[in-house]
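Fold and geometry: a report
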Amino acid sequence: MAEVILEVRNITKTFPGVKALDEVNFTLEKGTVHALVGENGAGKSTLMMILGGVYSQDSGDILLEGTPVRFESAYEANRNGISVVYQELSLVSTLSVAGNIFANRQPTRGFNLINWDILHKRTTGILSRFELEDISPRTPVGDLTMAKRQVVEILKAMSVNPRILIFDEPTSSLTDIETKELFQNIRILQNEGISIIYISHHLQEIFEIADTVTILRDGKHVCDADVATIDEDFLISNMVGRQIGNMYGEREPSETVGNTFFEVKNLSRDPDFEDVNFHIRQGEIVGFSGLIGAGRTELGRAVFGAEPADSGSILLDGKELVLRDTKQAIQAGIGYLTEDRKEQGLYLTFDIKSNLVSNHLKEFSSGQGFLKRKQIENFAEKQVKEFNIITPGISQLLNNLSGGNQQKVLVACWFGIGPKILIVDEPTRGVDVGAKSDIYKLLRKLASEGVGIMLISSDLPEIIGISDRVYVMREGKIAGELEKKDATEERIISLAAGVHSGEKELNT
Ligand SMILES: Nc1ncnc2c1ncn2[C@@H]1O[C@H](COP(=O)(O)OP(=O)(O)OP(=O)(O)O)[C@@H](O)[C@H]1O
Ligand SMILES: [Mg+2]
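Model, not experiment: these values are computed from the prediction.

Brief notes about the overall build of the chain
On a plain count of helices and strands, the chain comes out with 17 helices and 22 strands. Relative to the globule expectation of 23 Å for 508 residues, the C-alpha radius of gyration of the chain, 23 Å, shows essentially globular dimensions. Overall, the chain is about 70 × 55 × 50 Å in size when its C-alpha atoms are taken along their principal axes. By the burial criterion, 45% of the 508 residues in the chain qualify as buried. Of the contacts made within the chain by residues no fewer than 6 positions apart, 68% connect residues no fewer than 24 positions apart.

What follows is the structure, given as structure tokens:
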């Protein structure tokens, strides 16, 4: 029997209206990677925040190497060797990479002035330990891509030299390649004797990286298992309590794709994308694949009028759209579900109902500008039901929802505007398998009503599973276009990475 480093005994935690954890038990053995899985709202993050000193439990004990501990702050948890990479990034965008990694414990010289030389040197050391020399310690975090920010978040947690490192959905904004790099780093840490708790909704990752797994459902411990002895169906049926067949669904034979009604011609914006041409037919789901930094999000944001293009044109129903801002895009019938729900998508300090109507408030105001409260409430109740948002009520603040349920609110916000074209950027980020299959059903339903969908996703099985056609972007250009029957992982990856394979190459 391996040495136990951490034991959680009968932990219970209640929030107003929600029992987030109900007598949960959990054991972590030294030097292992232990996965924690469960549906959105199952209590995973809450348990990690208790271990990380952010929340305290109502009852139950935490034993660290056999000794009972109770942390009053994250700082105390850190000092005891527990460090958490949080699901919602905790970085300050205006601070540099170094400033973030050493937040609150910067080396100082006299008069408490920060010694930036030492700070930058140490940061460079940490970056090179994980072969990340291309990130400068001086870059403001706000200038980095989501993926790089995620990496900085991880480095911040690692920089305290923890004995136990907790990852709460670290790969939700990483591509396959970056996930591989993260796994290599986890292996390095594991070989150094560090024990790891790993949370993810990408179940195949559990099989790649974890030794053991604990399953939670509705705040309760369901079971523990050795990863080598189980399969994905075991995980899903224990997480969800039901079987899920083909998660992506199929297009009904009666639902044919209509005519091209949306066209983007020669769209360019220096330095993000160049001479991009694509079209979407009525009722068509069009996937956009590519590596992080290929320009997909930038293209989506340009189509949405958020950062207009330098040149080129956008045509909807044969008419050219001149979009100076997002309001005009929404009026024209274009919606954009952002990949960055925390910064751009949602008002986290507002409640569910306010968020749900925020994109089309006009519909809910009288001539005098008064809000029609009853109508808002009815609409919100309906959306919460339809999108299966788990919450005690529509007045719950977004901040108090689990990550996956925040994502469902974001999806509901945009479906609610009744779009003609909906751009969805990483729509199932952080969403559990059950809710994923719900979101795919909703996307298919929207498409069956004639809406054109531009699906930007780093999740290859998702792109392949749900798209009618796929564009692959590379370095700001469309590198190729694949019909559904040709859209295989190998072909998409080779186009994304620029490896020649005799594909129909565009723009080259
Ligand atoms: N600060 C809070 N106030 C009120 N309720 C909360 C708070 N934090 C979490 N909850 C609720 O506790 C439950 C467990 O949430 P938690 O974030 O731990 O779930 P999770 O398993 O991490 O889910 P996800 O996979 O979506 O991240 C949810 O119902 C959530 O809404
Ligand atoms: Mg969570």
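Still to come is the rest of the account.
Details of the sheet that holds strand E17 (residues 319-321)
Think of a sheet as strands paired side by side through backbone hydrogen bonds, with each pair either parallel or antiparallel. Taking strand neighbours across the sheet as the criterion, the four strands line up as E14-E13-E16-E17 in an open arrangement whose pairing is antiparallel. Of all strands in the sheet, those bounded by a partner on one side alone are strand E14 (273-281) and E17. Direction aside, the axes of adjacent strands within the sheet are offset by 25° on average. As paired elements, strand E13 (residues 260-269) and E14 share six bridges and run antiparallel to each other. Each residue of the ladder has a partner; that of Leu 267, found in E14, is Val 276.

So, the sheet that holds strand E2 (residues 18-29)
With respect to topology, four strands assemble into an open sheet ordered E2-E1-E4-E5, the strand pairing being antiparallel. Either end of the sheet is taken by a strand with one partner, and the two such strands are E2 and strand E5 (67-69). Here the strands of the sheet are splayed against their neighbours by 25° on average, with no regard to which way each runs. Two elements, strand E4 (residues 59-64) and E5, share three bridges in a ladder whose sense is antiparallel. What sits directly across from Leu 64, in E5, is Thr 67.

Observations concerning the site of ligand 1
Not every one of the 20 residues close to ligand 1 is listed here, only the nearest: Phe 15, Asn 40, Ser 45, Ser 402 and Gly 404. Every element with two or more residues in the shell around ligand 1 is listed here: E2, helix H1 (44-51) and helix H14 (403-415). Looking at the shell around ligand 1 residue by residue, the class counts come to six nonpolar, 12 polar and two charged. For the shell around ligand 1, the two domains that each supply at least three residues are domain 1 (4-240) and domain 2 (260-275 + 284-312 + 346-497).

Quick word on the pairing of strand E18 (residues 334-337)
Side chains of E18 alternate between two faces, with Ile 334 and Tyr 336 and Gly 335 and Leu 337 buried alike. Bridge count for E18 against strand E19 (residues 421-425) is four bridges, and the pairing is parallel. If you follow Tyr 336 over to E19, its bridge partner there is Ile 423.

Considering the domain arrangement of the chain
With domains assigned, the chain is organised as domain 1 (4-240) and domain 2 (260-275 + 284-312 + 346-497). Between the C-alpha centres of domain 1 and domain 2 the distance comes to 28 Å. With 22 residues of domain 1 at the interface, the matching set in domain 2 holds 19 residues. Among the secondary structure elements, those contributing two or more residues to the side of domain 1 that touches domain 2 are helix H6 (176-191) and helix H8 (232-240). In terms of residue class, the side of domain 1 that touches domain 2 is built from seven nonpolar, 10 polar and five charged.

Some words on the confidence of the model for the chain
The pLDDT averaged across the chain works out to 88; a share of 94% of its residues lies at or above 70. Note that residues 501-508 has pLDDT below 50 and, in this model, 15 contacts with residues that lie over four places away or in other chains.

Comments concerning the nonpolar core
Judged by nonpolar contacts, the single largest core of 72 residues is most densely connected at Val 409, Ile 423, Ile 453, Met 454 and Leu 455. Broken down by element, the residue count for this core peaks at seven residues, all from H14. Apart from the residues lying within four places of it in its own chain, the contact partners of Val 409 are Leu 346, Ile 352, Asn 355, Leu 356, Ile 389, Leu 398 and Leu 401. Grouped together as the second largest cluster of nonpolar side chains are 61 residues, Val 33, Val 84, Phe 102 and Ile 186 included.

Side note on unusual backbone geometry
A cis geometry characterises the amide bond from Asp 270 onward to Pro 271, with omega recorded as 0°. Unusually for a residue other than glycine, Glu 426 sits at a positive phi of about 50°. On the secondary structure map, Glu 426 appears in the loop between E19 and helix H15 (433-448). Overall, the presence of 24 C-beta atoms within 10 Å leaves Glu 426 in the buried class.

Brief notes about the pairing of strand E11 (residues 212-217)
The sheet contact formed by strand E3 (residues 33-37) and E11 spans four bridges and is parallel. For Ala 35, the partnering residue across the bridge sits in E11 and is Val 213. Of the pairings in the sheet, the one linking E11 to strand E12 (residues 220-226) comprises six bridges and is antiparallel in character. Residue pairing in the sheet places Thr 212 in a bridge with Asp 226 of E12. Here E11 hands over to E12 after two residues, with Asp 218 in that stretch at a positive phi of 50°.

Reading guide: rules and limits
Residues numbered from 1 in each chain as written. Chains lettered and ligands numbered in written order. Predicted model: local features only at pLDDT ≥ 70, side-chain atom pairs only at ≥ 80, totals over all residues. Helix = DSSP H or I, 4+ residues; strand = E, 2+ residues; numbered from the N terminus. Rg over C-alpha atoms; globule rule 2.2 N^0.38 Å. Buried ≥ 20, exposed ≤ 12 C-beta atoms within 10 Å, placed from the backbone. Contact = placed C-beta atoms within 7 Å. Pairing = 2+ DSSP bridges. Axes fitted to C-alpha atoms, helices over the stretch in contact; angles between N-to-C directions. Near = placed C-beta within 6 Å. Nonpolar A, V, L, I, M, F, W, Y, C, P; charged D, E, K, R; others polar. Domains from an automatic or database assignment. pLDDT = per-residue confidence, 0-100. Core = buried A, V, L, I, M, F, W, Y, C linked by C-beta atoms within 7 Å.

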